[in-house]
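# Fold and geometry: a report
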Amino acid sequence: MELHVYLAGQIHDNWRDDIREQAQSMNLPIEFSGPMENHDRSDNIGEEILGKQPDPVFKDEAASSLNNLRTEVLMQKADVVIALFGEKYKQWNSAMDAGAAIAMGKPFILIRPRELHHPTKELANKAQVVVETKQQALQALSYIFEKN
């Protein structure tokens, strides 16, 4: 068995690389996907495909339509969604992706530090598992593969 895990949320640091490397070191049979991690490509994809837009608002709208398409397709294919909430970056994308996963009925793991308990309490209530570290999220996935 192999799991497809969608790593939801912000793309401003390398948290996904940490998870992918840890999963590989644990020999977990997991395929990962997620949003476009190249921030410039994510911001410019609308104009790359649809052409030059008349102003920044239309540029953002064009990019978001394509980024939302990517998210919808890849999240639909996922067996599990992991969303990480951290303190350093604004977490709008994490919240949007977590809400989408919940609406799709996807098993959902929420990673958030204890300090973010209050602002993420509603998401936490809908998650199958809430953890404080990336390592704990991977341990939860590892448990799926354990034999009786």
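Report follows, based on the coordinates. (Residues numbered from 1 in each chain as written. Predicted model: local features only at pLDDT ≥ 70, side-chain atom pairs only at ≥ 80, totals over all residues. Heavy atoms only, no water.)

### Brief notes about the packing of helix α1 (residues 15-25) against helix α6 (residues 134-145)
- With their axes 10 Å apart at the nearest point, α1 and α6 run at an angle of 40 degrees to one another. Considering their axes alone, α1 and α6 lie oblique with respect to each other. Regarding α1 and α6, the two cross each other, and that crossing is right-handed. Between α1 and α6, the contacting residues are Trp-15, Asp-18, Ile-19, Gln-22 and Ala-23 on the first element and Lys-134, Gln-135 and Leu-138 on the second.
- Each residue belonging to the contact of α1 with α6 can be placed in one class, and the counts come to four nonpolar, two polar and two charged. (Axes fitted to C-alpha atoms, helices over the stretch in contact; angles between N-to-C directions. Helix = DSSP H or I, 4+ residues; strand = E, 2+ residues; numbered from the N terminus. Parallel < 35°, antiparallel > 145°, perpendicular 65-115°, else oblique. Left-handed = near helix turned anticlockwise from the far one by under 90°. Contact = heavy atoms within 4.5 Å. Nonpolar A, V, L, I, M, F, W, Y, C, P; charged D, E, K, R; others polar.)

### Some details on the environment of Asp-18
- Among the secondary structure elements, Asp-18 is positioned in helix α1.
- You can call Asp-18 partly exposed: its relative accessible area is 24%. (Buried < 20%, exposed > 50% of the residue type's maximum accessible area, 1.4 Å probe, protein only.)

### Digging into a negative patch on the surface
- A grouping of Asp-40, Asp-43, Asp-60 and Glu-61 is seen on the molecular surface, where their side chains present a negatively charged patch.
- Of all the elements in the fold, those that place two or more residues in the negative patch are α2 (39-50) and α3 (56-77).
- Positionally, Asp-43 belongs in helix α2.
- A residue is classified by how much of its surface remains accessible, and Asp-43, at 33% relative accessible area, is partly exposed. (Patch = residues over 30% accessible without salt bridge, like charges linked within 9 Å, V, L, I, M, F, W, Y side chains within 5 Å. Areas by Shrake-Rupley, 256 points an atom, 1.4 Å probe, with all protein chains shown as cover. Salt bridge = Lys/Arg side-chain N within 4 Å of Asp/Glu carboxyl O. Lys, Arg positive; Asp, Glu negative; His and termini not counted. Charge placed at Lys NZ, Arg CZ, Asp CG, Glu CD.)

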